[in-house]
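# Structure at a glance
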Amino acid sequence: MIYLLEDDDSIRELVIYTLNSQGMEAHGFPLPSLFWSAMADQTPSLVLLDIMLPEEDGISVLRKLRSSARTAGLPIIMLTAKGTEFDKVLGLDSGADDYISKPFGMMELLSRVRALLRRAQQEADVYRCGALTVDPSRHTVTAGGRDVALTQKEFEMLCLLLKNQGQVLSREQLLDTVWGYAFTGESRTVDVHIRTLRQKLGDAGSCIETVRGYGYKISRKS
């Protein structure tokens, strides 16, 4: 999902149409208040953000996004009619990942969006939660700066929880996904592995939360 905050109707409609025609789901908002309402319901994969807006300027929106842990790493491209070096530096220094001055071509916009999404996907392949870092491609786990050795099942379960941060996973889901069979009543298998996993992770193991009577989760930090 891509969000576009742009008060110019013609630009907003053209950009949304172009993104949708290329198979990218996108929604546009003319006002920051509508944008923030949508953000409360769903975090997009990327934001296209104009600077000159009613209600609240784009730099203010950008800084708010960067100040929240939930959206601190959200890919953001600034779209603005301002083309001076000062405005460009201001946007980038405030946390924008890229900057396109109006008028811009749709092919250039698509190229910038795809490049930033690719980069974000590569970075997302490494899971982080507080002092815990897990790199699935390298099969490495560090907690508080020290390397942690996990069994294959412990590693798979930790990756599954990190991949679904903010979502509660039931014991049945964990058994079915990690062990490869439907729940048969042996939920203690999950509990034992979670207990051992927490011990190995030390203080970082506190990020794994128990949802009594259901399962486990790793909460998104806000």
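Keep in mind it's a predicted model, so treat the numbers as computed, not measured.

The helix and strand inventory of the protein chain stands at eight helices and 12 strands. Across the 222 residues that make up the protein chain, the buried fraction comes to 41%. Considering only residue pairs separated by 6 or more positions, the protein chain has 56% of its internal contacts joining residues 24 or more positions apart. Of the roughly 11,700 Å² of accessible surface on the protein chain, 49% is carried by carbon and sulfur atoms.

With that settled, consider the packing of aromatic side chains. Aromatic ring pairs are reported here in terms of the distance separating the ring centres and the angle at which the planes meet. Summed over all chains, the structure comprises four aromatic pairs. Measuring from ring centre to ring centre gives 6.2 Å for F29 and F35, while their planes differ by 75°; the resulting arrangement is edge-to-face. Overall, the relative accessible area of 12% leaves F29 in the buried class. Here a set of aromatic residues connected by ring pairs shows up, and it is made of Y3, F29, F35 and W36.

A few words now on the packing of helix α6 (residues 152–163) against helix α8 (residues 188–201). Helix-helix packing: each pair is described by the crossing angle between the helix axes and the interaxial distance. The geometry of α6 relative to α8 is characterised by a closest axis approach of 10 Å and an angle of 85° between their N-to-C directions. Comparing the axis directions of α6 and α8 gives the class roughly perpendicular. On the side of α6, the interface is formed by K153, E154, M157, L158 and L161, while α8 contributes V190, H193, I194, T196, L197, K200 and L201.

This part takes up the sheet that holds strand β11 (residues 208–211). Adjacent strands of a sheet form backbone hydrogen bonds with each other and so pair up, either parallel or antiparallel. Here three strands make up an open sheet; going across it, the order is β10-β12-β11 and the pairing antiparallel. Two strands bound the open sheet, and with one partner strand each, they are β10 (169–170) and β11. Across two bridges, β10 lies against strand β12 (residues 215–218) in antiparallel orientation. Its bridge partner being in β12, S170 is matched across the sheet by G215. Running at roughly 150° to β11, α8 makes contact with β11 and β12 of the sheet.

The next thing to look at is the pattern of salt bridges. Scanning the model with the defined rule gives nine salt bridges in all. Here R66 and D97 are joined by a salt bridge, their closest N and O atoms 2.9 Å apart. A residue pair is termed long-range when its members are at least 10 positions apart, and R66 in helix α3 (residues 58–67) and D97 in the loop between α4 (85–93) and β5 (98–101) qualify at 31 residues. Residue D191 is joined to R171 by a salt bridge in which the shortest nitrogen-to-oxygen separation is 2.8 Å. Here D191, found in helix α8, pairs with R171, found in helix α7 (residues 171–179); they are 20 residues apart in sequence, far enough to count as distant. Residue class for D191 comes out partly exposed when judged on its relative accessible area of 22%. When its relative accessible area of 14% is taken as the criterion, R171 is described as buried.

Ordered in space as β6-β7-β8-β9, the four strands form an open sheet in which the pairing is antiparallel. Each edge of the open sheet carries a strand with a single partner, namely β6 (127–129) and β9 (146–147). By the bridge criterion, two bridges tie strand β8 (residues 140–143) to β9 in an arrangement that is antiparallel. Looking across to β9, one finds that T142 is bridged to D147.

Regular strands place their side chains on alternate faces of the sheet. Note: β11 against β12, four bridges, orientation antiparallel. Each bridged residue has a counterpart across the sheet, and for E209 the counterpart in β12 is K217. Between the end of β11 and the start of β12, which pair antiparallel, lie three residues, with G213 showing a positive phi angle near 80°.

Judged by nonpolar contacts, the single largest core of 29 residues is most densely connected at L132, V134, V141, L158, L161, L201 and I208. Of the residues forming this core, the biggest block, seven residues, is contributed by α6. When sequence neighbours within four positions are dropped, the list of residues in contact with L201 reads L132, V141, A143, R146, V148, L158 and I208. Residues F35, M39, V47 and I76 belong to the second largest nonpolar core, which totals 20 residues.

What counts and what doesn't
Residues numbered from 1 in each chain as written. Predicted model: local features only at pLDDT ≥ 70, side-chain atom pairs only at ≥ 80, totals over all residues. Heavy atoms only, no water. Helix = DSSP H or I, 4+ residues; strand = E, 2+ residues; numbered from the N terminus. Buried < 20%, exposed > 50% of the residue type's maximum accessible area, 1.4 Å probe, protein only. Contact = heavy atoms within 4.5 Å. Areas by Shrake-Rupley, 256 points an atom, 1.4 Å probe, with all protein chains shown as cover. Phe/Tyr/Trp six-rings, centres within 6.5 Å; stacked < 30°, edge-to-face > 60°. Axes fitted to C-alpha atoms, helices over the stretch in contact; angles between N-to-C directions. Parallel < 35°, antiparallel > 145°, perpendicular 65-115°, else oblique. Pairing = 2+ DSSP bridges. Salt bridge = Lys/Arg side-chain N within 4 Å of Asp/Glu carboxyl O. Core = buried A, V, L, I, M, F, W, Y, C linked by side-chain atoms within 4.5 Å.

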